[in-house]
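# Chains, contacts and geometry: an overview
Listed here are the chains, written in short residue letters.
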Amino acid sequence: GIGSVDIEAEFQTLDGEVLNSTRFTRSSIPAHTSVAGDDLEIMVSGVSVWDEYIIVVRLEYDYYDGSAEEQSWRYQVGEWSSEHFTLKADRHWF
């Protein structure tokens, strides 16, 4: 399992202005557990569909032994009407 799980997702302009963000936190997630839901959905109204934007996702958590892990991903979006990204954190075997 992992603890102190913190995921933040931001929807930004190309200049870095944050248009909207959301955060998901859990004190712990047991091993072999899936966490699903709409906690990480970002709704951004009033934004032009003709511009390009950046989605930034940051993941931080602690291993059971107390060591910390931090990862982040950046995706540029905007050329298509629909885009899908699948994020996978690096696996660490002990």
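None of these values were measured; they are calculated from a predicted model. (Residues numbered from 1 in each chain as written. Predicted model: local features only at pLDDT ≥ 70, side-chain atom pairs only at ≥ 80, totals over all residues. Heavy atoms only, no water.)

## Observations regarding the overall build of the protein
- Helices and strands together make up the secondary structure of the protein, namely 0 helices and 4 strands.
- When the helices and strands of the protein are listed from N to C terminus, the series reads β-β-β-β.
- With 94 residues in all, the protein has 26% of them scored as buried.
- Sequence separation of at least 24 residues holds for 48% of the intrachain contacts in the protein that already meet a minimum separation of 6.
- Just so you have it, the protein exposes about 7,100 Å², and 48% of that area is on carbon and sulfur atoms. (Helix = DSSP H or I, 4+ residues; strand = E, 2+ residues; numbered from the N terminus. Buried < 20%, exposed > 50% of the residue type's maximum accessible area, 1.4 Å probe, protein only. Contact = heavy atoms within 4.5 Å. Areas by Shrake-Rupley, 256 points an atom, 1.4 Å probe, with all protein chains shown as cover.)

## Focus: the packing of aromatic side chains
- Inspection of every chain in the model, using the stated rule, returns 2 aromatic pairs.
- Their ring planes at 80° and their centres at 5.4 Å tell us that Tyr61 and Tyr63 sit as a pair that is edge-to-face. Both residues of the pair, Tyr61 and Tyr63, count as buried. (Phe/Tyr/Trp six-rings, centres within 6.5 Å; stacked < 30°, edge-to-face > 60°.)

## Quick notes on the nonpolar core
- Counting 10 residues, the largest nonpolar core is built from Val5, Ile7, Ala9, Phe24, Ile29, Val57, Leu59, Tyr61, Tyr63 and Trp73.
- In terms of residue count, strand 3 (residues 53-63) provides more of this core than any other element does, 4 residues in total.
- Ignoring sequence-local partners within four residues, the contact set of Ala9 consists of Asn20, Ser21, Thr22, Ile42, Val56 and Val57. (Core = buried A, V, L, I, M, F, W, Y, C linked by side-chain atoms within 4.5 Å.)

## Considering the pairing of strand 4 (residues 68-77)
- Here strand 3 runs beside strand 4; their pairing, made up of 10 bridges, is antiparallel. Counterpart to Tyr53 in the pairing with strand 4 is Val77.
- The antiparallel pairing of strand 3 with strand 4 creates a hairpin that spans 4 residues between the two strands, and Gly66 there sits at a positive phi of about 95°. (Pairing = 2+ DSSP bridges.)

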